Amino acid sequence: MSVQGKICGLSDQISVDTAVNNGARFIGLVFYPPSPRNIDPNLASQLVSKIPTNVDKVGLFVDPEDALIKTVLESVKLDWIQLHGSESPDRVRHIRQKFDTRILKAIKISDQSDFEAAKNYENVADMLLFDAKAPKHMANALPGGNGLVFDWRIMQGLEFSIPWMLAGGLTAENVAEAVKISGAKFVDTSSGVEIEPGRKDPAAITAFLTALAVIDS
Ligand SMILES: O=C(O)c1ccccc1NCC(=O)[C@H](O)[C@H](O)COP(=O)(O)O
């Protein structure tokens, strides 16, 4: 199986269609108001209304209340709920059970010790997403989508009981190296396919997905 790609933070139809038409496996939709990629549930519903069933719709939340998830799901049928905050394993279990939707749980990584947290989520999530942790001094840092990489070498030799996705600063130029070093089978990008935060670049989306297609995995 080739490396599967998620394009996250989509907010316009051209970019959604470009991602789908170039082989994206996952479409990420941000429901986190402080993000420049945040979108209204009704717009989200329109954007993904025609995407094929083999492309999964991922709704991204940060420490959401149940009410927000409920409101979003009333507008758009998500295949995954991505939790990118400090949600506990019990909270993840609750969300998974209450909304009967697969969970992609983000774990922030800066060094090897951060992987210990991942073990606590293997029994409550369906997939893990390893993303670079923003440094404390970084101004205007978001919980994710910061365009930061972590040292992919620290992934080597690690094994998890559920699938995992690599994220953080991935671009068409570095994704092949990231896959080779980390062994990732799933990758995710947002900043790396943007003209500016919140404004996707269809050409960069195409380049990223084309780069995936030629990786011998
Ligand atoms: O993308 C955002 O604006 C965002 C905001 C708050 C929490 C998470 C967010 N994105 C999560 C993602 O899945 C991103 O694709 C991931 O962090 C990688 O982002 P990037 O480093 O920009 O490629």
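Residues numbered from 1 in each chain as written. Predicted model: local features only at pLDDT ≥ 70, side-chain atom pairs only at ≥ 80, totals over all residues. Heavy atoms only, no water.

Within an unreviewed UniProt entry, the label attached to the chain reads N-(5'-phosphoribosyl)anthranilate isomerase, and the organism entered is Sneathiella marina. The record held by UniProt for the chain lists under Pathway (unreviewed entry) the comment "Amino-acid biosynthesis; L-tryptophan biosynthesis; L-tryptophan from chorismate: step 3/5." Among the UniProt annotations of the chain, the heading Sequence similarities (unreviewed entry) holds the following wording: "Belongs to the TrpF family." (UniProt positions renumbered as here; feature names shortened; annotations may be inferred.)

1. Remarks on the overall build of the chain
Secondary structure summary: the chain contains six helices and ten strands in total. What you see for the chain is a C-alpha radius of gyration of 16 Å, in line with the 17 Å of a compact globule of 217 residues. For the chain, the C-alpha atoms occupy an extent of roughly 40 × 40 × 40 Å along the three principal directions. Across the 217 residues in the chain, those meeting the buried criterion constitute 52%. Here the contacts in the chain between residues at least 6 apart in sequence split such that 57% fall between residues at least 24 apart. Within the structure as shown, the chain displays about 10000 Å² of accessible surface, and the carbon and sulfur contribution to it stands at 50%. Distance between charge centres in the chain, computed from 22 positive and 27 negative side chains, equals 2 Å. (Helix = DSSP H or I, 4+ residues; strand = E, 2+ residues; numbered from the N terminus. Rg over C-alpha atoms; globule rule 2.2 N^0.38 Å. Buried < 20%, exposed > 50% of the residue type's maximum accessible area, 1.4 Å probe, protein only. Contact = heavy atoms within 4.5 Å. Areas by Shrake-Rupley, 256 points an atom, 1.4 Å probe, with all protein chains shown as cover. Lys, Arg positive; Asp, Glu negative; His and termini not counted. Charge placed at Lys NZ, Arg CZ, Asp CG, Glu CD.)

2. A short note on the packing of aromatic side chains
Each aromatic ring pair is summarised here by two numbers: the centre-to-centre distance and the angle between the ring planes. Applying the stated criterion across every chain, the model contains seven aromatic pairs. Ring geometry for Phe26 and Phe186: centres 6.1 Å apart, planes at 70 degrees, overall edge-to-face. Separated by 160 residues along the polypeptide, Phe26 in strand β2 (residues 26-30) and Phe186 in strand β8 (residues 186-189) bring together distant segments of the chain. Per residue, the accessibility class of Phe26 equals that of Phe186, and both read buried. With 5.9 Å between their ring centres and 50 degrees between their planes, Phe130 and Trp164 make a pair best called tilted. Of this pair, Phe130 sits in strand β6 (residues 127-132) while Trp164 sits in strand β7 (residues 164-166), and the two are 34 residues apart along the sequence. Taking the relative accessible area as the measure of exposure, Trp164 reaches 14% and is therefore buried. Cluster of aromatic residues (ring-pair linked, three or more members): Phe115, Phe130, Phe160 and Trp164. Over the ring of Phe26 we find Arg25; its NZ or CZ atom is 5.0 Å from the centre of that ring. (Phe/Tyr/Trp six-rings, centres within 6.5 Å; stacked < 30°, edge-to-face > 60°. Lys NZ or Arg CZ within 6 Å of the ring centre and 35° of its normal.)

3. Here's the deal with the packing of helix α3 (residues 66-75) against helix α4 (residues 89-99)
In the contact formed by α3 and α4, the axes pass within 12 Å of each other and the chain directions differ by 35 degrees. Crossing geometry of α3 relative to α4 is assigned as right-handed. Listed contacts from α4 to Asp66, Ile69, Lys70 and Leu73 of α3 are Arg91, His94, Ile95, Lys98 and Phe99. The residue makeup of the contact of α3 with α4, split by class, is four nonpolar, one polar and four charged. (Axes fitted to C-alpha atoms, helices over the stretch in contact; angles between N-to-C directions. Left-handed = near helix turned anticlockwise from the far one by under 90°. Nonpolar A, V, L, I, M, F, W, Y, C, P; charged D, E, K, R; others polar.)

4. Details of the side chain of Asp56
Its location among the elements puts Asp56 in strand β3 (residues 56-61). In terms of polar contacts, Asp56 uses its side chain to reach the side chain of Trp80, at 2.8 Å. Filtering out sequence-adjacent residues up to four positions away, Asp56 remains in contact with Arg25, Phe26, Ile27, Asp79, Trp80 and Arg102. (Polar contact = N/O pair within 3.5 Å; in protein donor to acceptor, adjacent residues only side chain to side chain.)

5. Focus: the pairing of β8
Burial of β8 is two-sided: the residues Phe186 and Asp188 facing one way and the residues Val187 and Thr189 facing the other way are all buried. Bridging between strand β1 (residues 4-7) and β8 involves four bridges; their strand directions are parallel. Paired with Ile7 across the two strands is Thr189, which belongs to β8. (Pairing = 2+ DSSP bridges.)

6. Quick look at helix α1 (residues 13-21)
Where α1 is concerned, the buried positions are Ser15, Val16, Thr18, Ala19 and Val20. Tucked inside the fold, the buried residues of α1 contact β1, β2, α2 (41-47), β10 (199-200) and α6 (202-213). Its side-chain oxygen placed 3.2 Å from the backbone nitrogen of Ile14, Asp12 serves as the N-cap of α1.

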